[in-house]
Amino acid sequence: MSLLTVSDCVDPHHHLWSPKTHAWLEKVAESGHPAGPFKSVLTYEVEDYMKDCSTFNVAKSVHVQAHFDGDPVEETKYCQAASDKHGYPHGIVAYADLSSPDVDNVLKGHCAYPNVRGIRQMLDYHPVVEKWRQAPHDRFLTDDSWLTGLTLMEKYNLSFDLQLHAPQMQAAAGVVRTHPNMQFIINHAGFPAELNTEAIAVWKEGLAMLAQHSNVAIKLSGYNMFHFDWNKELLYPLVEYPINVFSTGRCMFASNFPVDKINGGYKDLMQCYASICTDMGLTQEDADKMFRDNATRVYRI
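Described in the following lines is the structure provided in the data block. These numbers were taken from a predicted model, which means no experiment stands behind them.

### Quick word on the overall build of the chain
Thinking step 1. Secondary structure assignment for the chain yields 10 helices and eight strands.
Thinking step 2. Over its C-alpha trace the chain gives a radius of gyration of 18 Å, about what one expects of a compact globule, namely 19 Å for 301 residues.
Thinking step 3. Of all 301 residues assigned to the chain, the portion counted as buried reaches 57%.
Thinking step 4. For the chain, long-range pairs separated by at least 24 residues make up 80% of all intrachain contacts whose partners lie at least 6 apart in sequence.
Thinking step 5. Only carbon and sulfur atoms are counted for the fraction: they give 50% of the accessible area of the chain, which is about 12300 Å².
Thinking step 6. The positive charge centre, built from 25 side chains, and the negative charge centre, built from 36, are 3 Å apart in the chain.

### With respect to the pattern of salt bridges
Two side chains carrying opposite charge are able to pair once their charged atoms lie near each other.
Thinking step 1. In this structure the tally under the stated criterion is six salt bridges.
Thinking step 2. As a salt-bridge pair, aspartate 279 and lysine 232 come within 2.7 Å of each other at their nearest N and O atoms. Here the residue aspartate 279 occupies a position in helix 9 (residues 266-279), and lysine 232 occupies one in helix 8 (residues 232-246), the gap between them amounting to 47 residues.
Thinking step 3. Residue class for aspartate 279 comes out partly exposed when judged on its relative accessible area of 44%.
Thinking step 4. The class for lysine 232 is partly exposed, based on a relative accessible area of 23%.

### Description of the packing of helix 7 (residues 197-211) against helix 8
Thinking step 1. The contact between helix 7 and helix 8 brings their axes to 9 Å, and the two run at 25 degrees. The angle between helix 7 and helix 8 places the two elements in the roughly parallel class. As helix 7 packs across helix 8, the resulting crossing turns out to be right-handed. Of the residues in helix 8, those touching helix 7 at Ile200, Trp203, Lys204, Leu207, Ala208, Leu210 and Ala211 are Pro237, Leu238, Tyr241, Pro242, Val245 and Phe246.
Thinking step 2. In terms of residue class, the contact of helix 7 with helix 8 is made up of 12 nonpolar, no polar and one charged.

### Examining the pairing of strand 2 (residues 58-64)
Thinking step 1. Counting buried residues along strand 2, five of its seven residues qualify, which places the element largely inside the surrounding structure.
Thinking step 2. Across four bridges, the pairing between strand 1 (residues 9-14) and strand 2 is parallel. Bridged to histidine 14 within strand 2 is histidine 63.
Thinking step 3. Of the strand pairs in this sheet, strand 2 and strand 3 (residues 91-94) are connected by three bridges, and their pairing is parallel. Across the sheet, the residue bridging to valine 64 is valine 93, located in strand 3.
Thinking step 4. With helix 3 (residues 72-86) bridging strand 2 and the parallel strand 3, this β-α-β connection has right-handed handedness.

### Some remarks on the sheet that holds strand 3
Thinking step 1. The parallel open sheet is built from eight strands, whose spatial order is 1-2-3-4-5-6-7-8. Strand pairing shows two members of the sheet lacking a second neighbour, strand 1 and strand 8 (251-253), which therefore form its edges. Ignoring which end each strand starts from, the neighbouring axes of this sheet average 25 degrees apart.
Thinking step 2. Where strand 6 (residues 184-186) meets strand 7 (residues 216-220), three bridges bridge the pair, whose relative direction is parallel. Bridge assignment links isoleucine 185 to a residue of strand 7, and that residue is alanine 217.
Thinking step 3. Contacts between helix 8 and the sheet are confined to strand 6, strand 7 and strand 8, with strand 7 contributing the most and set at about 160 degrees to the helix.

### Some thoughts on the nonpolar core
Thinking step 1. Grouped together as the largest cluster of nonpolar side chains are 95 residues, with contacts concentrated most on Phe38, Phe160 and Phe291.
Thinking step 2. Element by element, the count of residues in this core is highest for helix 9, at eight residues.
Thinking step 3. Listed in part, the 11 residues of the second largest apolar core include Val10, Val62, Val64 and Ala295.

### Describing unusual backbone geometry
Thinking step 1. That bond from tyrosine 88 to proline 89 is cis: its omega, -5 degrees, falls within 30 degrees of zero.
Thinking step 2. The omega angle of the peptide bond from phenylalanine 257 to proline 258 is 10 degrees, so this bond is cis rather than trans.
Thinking step 3. Relative to the assigned elements, proline 258 resides in the loop between strand 8 and helix 9.
Thinking step 4. A positive phi angle is found at serine 247, which is not glycine, with a value near 80 degrees.
Thinking step 5. The residue serine 247 is located in the loop between helix 8 and strand 8 in this model.
Thinking step 6. Given a relative accessible area of 35%, serine 247 falls into the partly exposed group.

### Concerning the packing of aromatic side chains
Thinking step 1. One pass over the structure, following the stated rule, counts 17 aromatic pairs.
Thinking step 2. Note on phenylalanine 160 and phenylalanine 184: the rings are 6.4 Å apart at their centroids and 70 degrees apart in plane angle, and the pair reads as edge-to-face. Taken together, the residues span a long stretch of sequence, with phenylalanine 160 in strand 5 (residues 159-162) and phenylalanine 184 in strand 6 at a distance of 24 residues.
Thinking step 3. Judged by relative accessible area, phenylalanine 184 falls into the buried class, the value being 1%.
Thinking step 4. When the centroid spacing of 4.6 Å and the interplanar angle of 25 degrees are considered together, the rings of phenylalanine 253 and phenylalanine 291 count as stacked. Taken as a pair, phenylalanine 253 in strand 8 and phenylalanine 291 in helix 10 (residues 284-298) lie far apart in primary sequence, 38 residues in all.
Thinking step 5. Clustering of aromatic rings is evident, with ring pairs tying together Tyr49, Phe56, Tyr88, Phe257 and Tyr266.

Conventions adopted
Residues numbered from 1 in each chain as written. Predicted model: local features only at pLDDT ≥ 70, side-chain atom pairs only at ≥ 80, totals over all residues. Heavy atoms only, no water. Helix = DSSP H or I, 4+ residues; strand = E, 2+ residues; numbered from the N terminus. Rg over C-alpha atoms; globule rule 2.2 N^0.38 Å. Buried < 20%, exposed > 50% of the residue type's maximum accessible area, 1.4 Å probe, protein only. Contact = heavy atoms within 4.5 Å. Areas by Shrake-Rupley, 256 points an atom, 1.4 Å probe, with all protein chains shown as cover. Lys, Arg positive; Asp, Glu negative; His and termini not counted. Charge placed at Lys NZ, Arg CZ, Asp CG, Glu CD. Salt bridge = Lys/Arg side-chain N within 4 Å of Asp/Glu carboxyl O. Axes fitted to C-alpha atoms, helices over the stretch in contact; angles between N-to-C directions. Parallel < 35°, antiparallel > 145°, perpendicular 65-115°, else oblique. Left-handed = near helix turned anticlockwise from the far one by under 90°. Nonpolar A, V, L, I, M, F, W, Y, C, P; charged D, E, K, R; others polar. Pairing = 2+ DSSP bridges. Right-handed = clockwise from strand over helix to strand, strands pointing away. Core = buried A, V, L, I, M, F, W, Y, C linked by side-chain atoms within 4.5 Å. Phe/Tyr/Trp six-rings, centres within 6.5 Å; stacked < 30°, edge-to-face > 60°.

And the structure:
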């Protein structure tokens, strides 16, 4: 089996941005980013994405929010305009602060645009490594105001992209358990950033807890944000374990471009994932699910 045999692939995680709309890009260009040097990807518009994914058989894609400056609904407007003109992205995962008293109006604003499918508010807060913290604190998953906002999303039939570190997964499993009708999607395989025995055990335990809930899917992406010198041997166990615990019916391969572009090409990365599938003895049907069908279903595109 080769990835090239999968027709009409769906990429469920990429970003569109420029320093004009995302001021943080200029800051990381100077100060650095945990994923590596950002200067080569400071501007990444829909035309740039289409050029990258043209190396591969990508028929549909999903933009995921990326710290747009100002009103988060403006990012949705920006992405919808790109889609209306170019066709990509086909789905939009927007931003909302679910703890905000104005969250209902923000959700309503996002849902005025037809490609909106879900919300991501980054919750990742590593207990030790400060540079691996994109959330201001680690209390959202137990905060009553935030949980009220999460519940409000059900009114709009929105999914939630769950970006977090392994030590946060137990709390997340409790939240998922109380929202059985909402679709949750773990981002970037749950960040297996540390490869020591203890950290991998915590990561596996956390994913196993979340996998018990049928309303949780997982995106296999973002590995080379932490592992710059990635290769198939390094990625194999980090891809194999999520597939084994979630099954091929709830896993989705994604590019995470342009972040993952810093340390690899689009086609090379995706073919590496396909080669791992081959080595695992998975079938063409399994590959079709993880490179296309699951993302089509989960993001309704």
